[in-house]
Amino acid sequence: GAVVSQHPSRVICKSGTSVKIECRSLDFQATTMFWYRQFPKKSLMLMATSNEGSKATYEQGVEKDKFLINHASLTLSTLTVTSAHPEDSSFYICSATSFGGGSPYNEQFFGPGTRLTVL
Amino acid sequence: DAKTTQPPSMDCAEGRAANLPCNHSTISGNEYVYWYRQIHSQGPQYIIHGLKNNETNEMASLIITEDRKSSTLILPHATLRDTAVYYCIVRVAGGNQFYFGTGTSLTVIP
């Protein structure tokens, strides 16, 4: 299957700072990438969908000015948590997929996740 | 996308088959059933998906009832490394978003 990486795997930051998380598709071109967050012992919650070269679509209740998403190329999407607060501490997971044109990658491939701790 | 219902937890003896059920009674004709699993503190891993026919791959088998309102994921010989949370998701073919339910926490017991 296709490989998706995330960087960093773990980050600790002070309250009020901004943190950028990268998501890369390593061996395929991802037309669409997704960002999820997961609290301990909870399921994944979809935050936003990003298509290469266009603005991200955010799920209801997710602040777009708080969670900035950029999908500048077919292999890279970034999530920036701005002015982070302790309640933003969570496990952030990205996934990537490639639709259309007979692509075999209609399922989503997930990255390993980034654990964010805001002090 | 249709909602899914799964039991919150299950145990299975090592070496035995693990049968994980999923109800998706409101599934539409063009929605596929996907199964993913998540081992602790990792990203979800794709297992299998199907539309209406039973499917098998190197990891598991997927049995979908004739009315498509439920399905069962079968891990034929469970190992300790299969301990994970298993998610059943339905999604339109070529559709975008996955909306995860609560999943089933499978514990394989030695």
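How each quantity is defined
- All residue numbers here refer to positions counted from 1 along the written sequence of the relevant chain.
- Chains and ligands are labelled sequentially in the order written, the chains with letters from A and the ligands with numbers from 1.
- The model is predicted, so local features are restricted to residues of pLDDT at least 70 and side-chain atom pairs to those at 80 or more, both for listing and for counting; the totals for chains, interfaces and linings are taken over all residues.
- No hydrogens and no water enter the side-chain calculation; it runs on all heavy atoms of the structure.
- Only protein chains enter the accessibility calculation, which uses a 1.4 Å probe; a residue is then buried when its area is under 20% of its type maximum, exposed when over 50%, and partly exposed in between.
- Under the scheme used here, helices are H or I runs from DSSP no shorter than 4 residues and strands are E runs no shorter than 2 residues, and both carry numbers assigned from the N terminus.
- Here the rule is simple: two strands pair whenever DSSP picks up at least two bridges between them.
- Between Lys or Arg on one side and Asp or Glu on the other, a salt bridge is scored when a side-chain nitrogen of the former is within 4 Å of a carboxyl oxygen of the latter.
- Working rule for contacts: check all heavy atoms of both residues, and any pair within 4.5 Å makes them a contact.
- Here the term cavity refers to a set of points on a 1 Å grid, laid over the protein atoms alone, in which a 1.4 Å probe fits but cannot get out; the term pocket refers to an open set having protein on both sides within 12 Å along at least five of seven lines, with lining residues being those that place an atom within 4 Å of a point.
- Grid points are joined across faces, edges and corners, and a volume is the space filled by probe spheres set on the points.
- Amino acids outside the nonpolar list (Ala, Val, Leu, Ile, Met, Phe, Trp, Tyr, Cys, Pro) and the charged list (Asp, Glu, Lys, Arg) are all regarded as polar, and Gly is one of them.
- Remark: nonpolar core denotes a set of buried residues (Ala, Val, Leu, Ile, Met, Phe, Trp, Tyr, Cys) joined through side-chain atoms within 4.5 Å.
- Joining two parts hides part of their accessible area as seen by a 1.4 Å probe, and the buried area is that hidden amount summed over both.
- What qualifies as a polar contact is a pair of N or O atoms within 3.5 Å, subject to a donor-acceptor requirement within protein and to the restriction that residues adjacent in sequence count only when both atoms come from side chains.

(A) Focus on the pairing of strand β8 (residues 84-92) of chain B. Residue and element names in this part refer to chain B. Where burial is concerned, most of β8 is hidden: seven out of the nine residues are buried. Where strand β3 (residues 31-38) lies against β8, eight bridges are found, and the strand directions are antiparallel. By the bridge assignment, Y36 is partnered in β8 with Y87. Sheet analysis places β8 next to strand β9 (residues 104-109), joined by three bridges and oriented antiparallel. Each residue of the ladder has a partner; that of Y86, found in β9, is T104.

(B) Summary view of the pattern of salt bridges. Residues and elements named next belong to chain B. Taken as a whole, this structure holds three salt bridges over all chains when the rule is applied. A salt bridge links D82 to R37; its shortest N-O distance comes to 2.8 Å. Here D82 is found in the loop between β7 (70-75) and β8, whereas its partner R37 is found in strand β3, with 45 residues between them in sequence. Of the two residues, D82 and R37, both sit in the buried class.

(C) Main features of the sheet that holds β7 of chain B. All names here are of chain B. One open sheet holds the four strands; their spatial order is β2-β7-β6-β5, and the pairing between them is antiparallel. The open sheet has two edge strands with one neighbour each: β2 (18-23) and β5 (55-56). The pairing of β2 with β7 spans six bridges and is classified as antiparallel. Paired with N19 across the bridge in β7 is I74.

(D) Just the environment of S5 of chain A, in detail. Residue and element names in this part refer to chain A. Here S5 shows up in strand β1 (residues 4-7). Taking the C-alpha atoms as reference points, S5 and P112, 107 residues apart in sequence, are found 6.5 Å from one another. Every residue in contact with S5, bar those within four places of it in the chain, is listed here: E22, C23, R24, L26, C94 and P112.

(E) Quick peek at the layout of surface pockets. As a volume, the largest pocket reaches approximately 570 Å³. What lines the largest pocket is a set of 21 residues, among which Q38, K41 and K42 of chain A together with H40 and V85 of chain B lie closest to the centre. Secondary-structure elements contributing two or more residues to the lining of the largest pocket are β8 and β9 of chain B. Broken down by element, the residue count for the lining of the largest pocket peaks at three residues, all from β8 of chain B. Partitioning the lining of the largest pocket into residue classes produces nine nonpolar, nine polar and three charged.

(F) The arrangement of the nonpolar core in detail. Core analysis: the largest hydrophobic core is formed by 26 residues, its most contacted members being V4, F28, W35, F67, L79, Y92 and L116 of chain A. Elements represented by at least two residues in this core include exactly β2 (10-13), β3 (19-25), β4 (32-38), β5 (45-51), β7 (67-73), β8 (76-81), β9 (90-97) and β11 (114-118) of chain A.

(G) Region of interest: the interface of chain A and chain B. Of the residues lining the interface, 20 residues belong to chain A; the matching set on chain B comes to 20 residues. When chain A packs against chain B, close to 1,500 Å² is buried across both sides, 54% of that on carbon and sulfur atoms. Across the chain A-chain B interface, the total number found is zero salt bridges. Applying the counting rule to chain A against chain B returns five residue pairs in polar contact (both at pLDDT 80 or more). The set of elements that each furnish at least two residues to the side of chain A that touches chain B consists of β4, β5 and β9 of chain A. Looking at the side of chain A that touches chain B element by element, the count peaks at four residues for β4 of chain A. The residue makeup of the side of chain A that touches chain B, split by class, is nine nonpolar, seven polar and four charged.

(H) Looking closely at unusual backbone geometry. Cis rather than trans, the peptide bond between H7 of chain A and P8 of chain A has omega equal to 0°. Considering the arrangement of structural elements, one finds P8 of chain A in the loop between β1 and β2. Positive phi values are uncommon outside glycine, yet S83 of chain A reaches one of about 45°. Inspection of the secondary structure assignment puts S83 of chain A in the loop between β8 and β9. Although it is not a glycine, S41 of chain B adopts a positive phi angle of roughly 65°. Counting through the fold element by element, S41 of chain B comes out in the loop between β3 and β4 (45-50).

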